[in-house]
Amino acid sequence: PRAKASQNNIAFYDPNHHSAMQRQLDVEQRLRIALEQQLLQVFLQPKVSLDSGIAVGYEALLRWADPVLGFVSPVEFIKVAECMGLATSIDRYVLRTVFKNLKRSSEVNATVLPIAVNITSSHFGEPSLVDYIIDLSDSMAVPLELIDLEVTEGVLLDMGEQVQKNLKKLRERGVKVSIDDFGTGYSSLSYIRKLAVDAIKIDKSFVDDMQNETGCQLVAAIVAIANAVNLDVIAEGIEHQEQRDTLLNLGCRLGQGFLYAKPEFIETVLFNND
Ligand code: C2E
Ligand code: MG
Ligand code: MG
Ligand code: MG
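Residues numbered from 1 in each chain as written. Chains lettered and ligands numbered in written order. Predicted model: local features only at pLDDT ≥ 70, side-chain atom pairs only at ≥ 80, totals over all residues. Heavy atoms only, no water.

### Some thoughts on the coordination of the magnesium ion (ligand 2)
Taken together, the protein donors to the magnesium ion (ligand 2) comprise Glu 59 (OE), Asn 118 (OD1), Glu 150 (OE) and Asp 180 (OD), at separations of 2.0 to 2.3 Å. Ordering the donors of the magnesium ion (ligand 2) by residue number gives the pattern E-x58-N-x31-E-x29-D. (Donors = N, O, S within 2.8 Å, 3.2 Å for Na, K, Ca; no water.)

Printed below as a string of structure tokens:
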């Protein structure tokens, strides 16, 4: 029918579609420059023990304030970086920055807490991942126990031998691995037995849904799954005291969120708190 055909034509010239493509090109172009000029900054957000509120570690999160594009979310630029084949370089930049700061921190601070780095799924299937991390640890004299990794369920798209090998080697060396955004990746539950990981992170969307009874039951079920397979469980995006109380009641003992702290520049977190 004619109406449909013309709709299709209109869709082809959709100005939103055009600007989305233009945006991706802009982000690509600026991202290359940002990497060269080191415009990406590493921030840290604490992971806390929910009963005491005391930090037990941190998560590294990238921030990009571009002079041309303004603030660009990591959700957007990591996706673009993956398309450009730059994701591994970005992960490595974060790893180097974190190791450098851990080294300095252990020179001036009595206690040094572990820092978790988000690893892009495709990178987690690369043979070079583990050696890169071991080399950094050796050259900086920073123990591998101070580095954790987070990876989303997307890693299952490449549940190849290399992912298993990397996991095995990492855990032998004391590097803990968490499954990020657990439950959002439409993956089967059986992988959780096969993947030798240490913890699962409950996505913020589930924490938000705890205002409904069904949402609470869902989080209870996730905690039960974690317990059943002997994994730690940590809740993301806690903004309210009631969420913290409910999580503790459901048996979730670790969390992150604006209730405790927003991500802040790594040097401010590690060196400016007296
Ligand atoms: P993620 O790893 O699940 O990180 C949690 C996100 O939730 C972060 O957003 C954090 O700032 C935000 N968040 C934490 N607590 C709260 C809260 O209480 N309320 C709200 N509204 N948000 C909260 P961010 O930094 O924008 O990062 C988004 C995603 O981008 C991350 O999700 C991660 O998948 C990716 N990402 C960030 N940094 C890196 C990186 O260095 N490397 C890689 N590969 N991915 C990264
Ligand atoms: Mg994460
Ligand atoms: Mg997460
Ligand atoms: Mg998340």
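Text resumes after the structure shown.
### With respect to the confidence of the model for the protein chain
Overall, the predicted model of the protein chain reaches an average pLDDT of 91, with 91% of residues at or above 70. The ipTM for the predicted assembly is 0.98, set against a pTM of 0.93. (pLDDT = per-residue confidence, 0-100.)

### Remarks on helix H11 (residues 241-249)
All of the buried residues in H11 are Gln 243, Arg 244, Leu 247 and Leu 248. Taken around the axis of H11, the buried residues stretch over an arc of 130°, which confines them to a single face. Set apart from the buried face of H11 by more than 90 degrees, the exposed residues are Glu 242 and Asn 249. Where the residues of H11 are buried, they touch helix H9 (204-208), helix H10 (213-228) and strand S8 (232-235). Phi turns positive one or two residues past the end of H11, at Gly 251, with a value near 95°. (Buried < 20%, exposed > 50% of the residue type's maximum accessible area, 1.4 Å probe, protein only. Helix = DSSP H or I, 4+ residues; strand = E, 2+ residues; numbered from the N terminus. Arc of directions from axis to C-beta. Contact = heavy atoms within 4.5 Å.)

### Considering unusual backbone geometry
Of note in this structure, Ala 141 is not a glycine but carries a positive phi near 55°. As for its position among the elements, Ala 141 is in the loop between helix H6 (128-140) and strand S5 (147-152). For Asn 230, which is not glycine, the phi dihedral falls at a positive 65°. Secondary-structure assignment places Asn 230 in the loop between H10 and S8. Accessibility expressed as a relative area gives 71% for Asn 230, which makes it exposed.

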